[in-house]
Number of protein chains: 2
Amino acid sequence: MSETLWDRSGCSVAGTLTVVGEKWSLLVLREAFFGVRRFADFQRILGAPRAVLTDRLGTLVAEGILRRVPYQAEGERQRHEYRLTQKGVDLYPTLVALMQWGDRYLADDGSGPVRLEHAGCGAPVRLALVCESGHELAGAREVRPVPPAGSRPA
Amino acid sequence: MSETLWDRSGCSVAGTLTVVGEKWSLLVLREAFFGVRRFADFQRILGAPRAVLTDRLGTLVAEGILRRVPYQAEGERQRHEYRLTQKGVDLYPTLVALMQWGDRYLADDGSGPVRLEHAGCGAPVRLALVCESGHELAGAREVRPVPPAGSRPA
DNA sequence: CAACTCCGGTTCGTCAAGTGAACTCAGCAT
DNA sequence: ATGCTGAGTTCACTTGACGAACCGGAGTTG
């Protein structure tokens, strides 16, 4: 019973999930990282209902994760495209984490279809848990969560 | 228009999200990482509706992310608790990624309530993008996604 | 023994969200 | 004028979340 039960109401995991945890949000961002910028492309690739896509793009813009940039192409009227902000770019580790887990556990061969490589040297890229002393941790079991100072027993 | 548009149907991000992307799933796992194991504790801490919690725990067990372990405590009848499997433990980076982003962008002071420290040395822990050649990447802009060999133009 | 409590659910009515198809509207092309 | 395209909006329908109530077995209390 007496597990580590401090107050969890301010936890950042929950907060982040309210921002990008709705259906399609993270898939929209995945496409954004692949370079997709226009409504029709998001819609065609994802297959999400237009209404949902309109809503998700709107909330992502409202959250400052995407921004609407007007532009016009050759002989077309002015449109706008959706581009990642820095706040959006910083969600990249989240997507990589999801991708790595899926590659390991959902793909038949244990590696997914998309490979990530370091643009500088071409070597494959992965997420690692590291500590400030320079150690790389093997997994969650080497991490100790430290509750906030005033930890009420819930 | 001619963005990088190969086929995305097998992407692991979507697959992982169908497994743990439903509402409450990742919060259940967060609690599991904090050591919570029993239905009533999940329910009390998360505040999720019981029916939803029953369903989420069931699917997580069905997916092999949690397992139901029977046990009995002092002078109590036999109950069962939910424990992380290795497959579940490997979702840790996903939660850390969500937490780090929330700490940076949602907390007032730019750092969240829970600190993660290396159990071995006590130093703070973070996620890093590294390549096999040993470089640490600053962000998504240094990563190039490589489509699968037979990349159809969608 | 009967009543009560706790844990781990299930059931139910309501309400919000997701879905797919159809419709809208502005501007360009013919 | 007519049609086309990108970016939505509207609508009817289905699915999912919510909260409160109910259930059933094991232990505990009287």
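The name given to chain A in an unreviewed UniProt entry is Helix-turn-helix domain-containing protein, with the source organism recorded as Blastococcus jejuensis.

A. Fine view of the relation of the copies chain A and chain B. You can overlay chain A on chain B at an RMSD of 0.1 Å; the transform is a turn of 180 degrees with a shift of 0.0 Å along its axis. Taken together, these values place the two copies in the relation of a two-fold axis. By residue overlap, the copies meet face to face through one surface: 99% of the interface positions of chain A are interface positions in chain B.

B. Layout of the protein's contact with DNA strand C. By nearness alone, 18 residues border DNA strand C, and Pro49, Gly75 and Arg77 of chain A together with Ala40 and Arg50 of chain B come closest of all. Mapped by element, the contributors of at least two residues to the surface near DNA strand C are helix H4 (50-62) of chain A together with helix H3 (39-46) and helix H4 (50-62) of chain B. Tallied by class, residues from the surface near DNA strand C come to 8 nonpolar, 2 polar and 8 charged.

C. Structural context of the packing of helix H6 (residues 92-105) of chain A against helix H6 (residues 92-105) of chain B. Two elements in contact, H6 of chain A and H6 of chain B, have axes whose closest approach is 8 Å; the angle formed by their N-to-C orientations is 175 degrees. For the element pair H6 of chain A / H6 of chain B, the angle class is roughly antiparallel. Residues Pro93, Thr94, Ala97, Leu98 and Trp101 of chain A of H6 of chain A pack against Pro93, Thr94, Ala97, Leu98 and Trp101 of chain B of H6 of chain B. Residues of the contact of H6 of chain A with H6 of chain B, tallied by class, amount to 8 nonpolar, 2 polar and no charged.

D. Region of the structure containing the sheet that holds strand S4 (residues 125-131) of chain B. The strand order across the open sheet formed by 4 strands is S5(A)-S4(A)-S4(B)-S5(B), and the pairing between neighbours is antiparallel. This sheet does not close on itself; its edge strands, each paired only once, are strand S5 (136-137) of chain A together with strand S5 (136-137) of chain B. Of the strand pairs in this sheet, S4 of chain B and S5 of chain B are connected by 2 bridges, and their pairing is antiparallel. Directly across from Val130 of chain B, in S5 of chain B, lies its bridge partner Glu136 of chain B. Contacts from H6 of chain B reach strand S4 (125-131) of chain A together with S4 of chain B within the one sheet, and its direction differs from that of S4 of chain B by about 110 degrees.

E. Layout of the interface of chain A and chain B. Contacts between the two partners involve 73 residues from chain A and, on the opposite side, 72 residues from chain B. Looking at the side of chain A that touches chain B, the elements with two or more residues in it are helix H1 (12-20), helix H2 (25-33), helix H3 (39-46), helix H5 (86-89), H6, strand S3 (115-118), S4 and strand S6 (143-146) of chain A. The dominant element in the side of chain A that touches chain B, judged by the number of residues it contributes, is H6 of chain A, at 13 residues. Partitioning the side of chain A that touches chain B into residue classes produces 45 nonpolar, 14 polar and 14 charged. Across 4 bridges, the pairing between S6 of chain A and strand S3 (residues 115-118) of chain B is antiparallel. Looking at the pairing, Val143 of chain A lines up with His118 of chain B of S3 of chain B.

F. Layout of unusual backbone geometry. Residue and element names in this part refer to chain A. Residues other than glycine seldom take positive phi values, yet Trp24 does so here, at roughly 80 degrees. Turning to its location among the elements, Trp24 is positioned in the loop between H1 and H2. C-beta crowding within 10 Å serves as the criterion here: with 19 such atoms nearby, Trp24 is assigned to the partly exposed category.

G. Quick peek at the packing of helix H2 (residues 25-33) of chain B against H3 of chain B. Residue and element names in this part refer to chain B. Put simply, H2 and H3 touch, their axes get as near as 11 Å, and they point 115 degrees apart. Handedness of the crossing formed by H2 with H3: right-handed. Contacts between H2 and H3 involve Leu27, Val28 and Glu31 on the former and, on the latter, Phe42, Ile45 and Leu46.

Parameters and conventions
- Sequence order as written defines the numbering, with residues in each chain counted from 1.
- For this description, chains carry letters from A and ligands carry numbers from 1, given in the order in which they are written.
- Given that this is a predicted model, residues contribute local features only at a pLDDT of at least 70 and side-chain atom pairs are listed and counted only at 80 or more, while totals for whole chains, interfaces and linings are drawn from all residues.
- The superposition of copies rests on a least-squares fit of C-alpha positions from residues with pLDDT of 70 or more in both.
- We call two residues in contact whenever the C-beta atoms placed from their backbones are within 7 Å.
- Nearness is defined per residue: the C-beta atom, placed using the backbone, must lie within 6 Å of the molecule or strand.
- Comment: elements are numbered from the N terminus, with helices defined as DSSP H or I runs of at least four residues and strands as E runs of at least two.
- Only Asp, Glu, Lys and Arg are considered charged, only Ala, Val, Leu, Ile, Met, Phe, Trp, Tyr, Cys and Pro nonpolar, and every remaining residue, Gly among them, polar.
- Where helices are involved, their axes are fitted lines through C-alpha atoms of the stretch in contact, as for all axes, and angles between N-to-C directions lie from 0 to 180°.
- Here is the rule for angles: anything less than 35 degrees is roughly parallel, anything more than 145 is roughly antiparallel, 65 through 115 is roughly perpendicular, and the remaining ranges are oblique.
- What makes two strands pair is DSSP finding at least two bridges between them.
- Residue burial is a threshold on neighbouring C-beta atoms within 10 Å of the residue's own C-beta, all placed from the backbone, with 20 or more meaning buried, 12 or fewer meaning exposed, and counts in between meaning partly exposed.
- Helix crossings are classified by the rotation of the near helix relative to the far one: an anticlockwise turn of less than a right angle makes the crossing left-handed, while a clockwise turn makes it right-handed.

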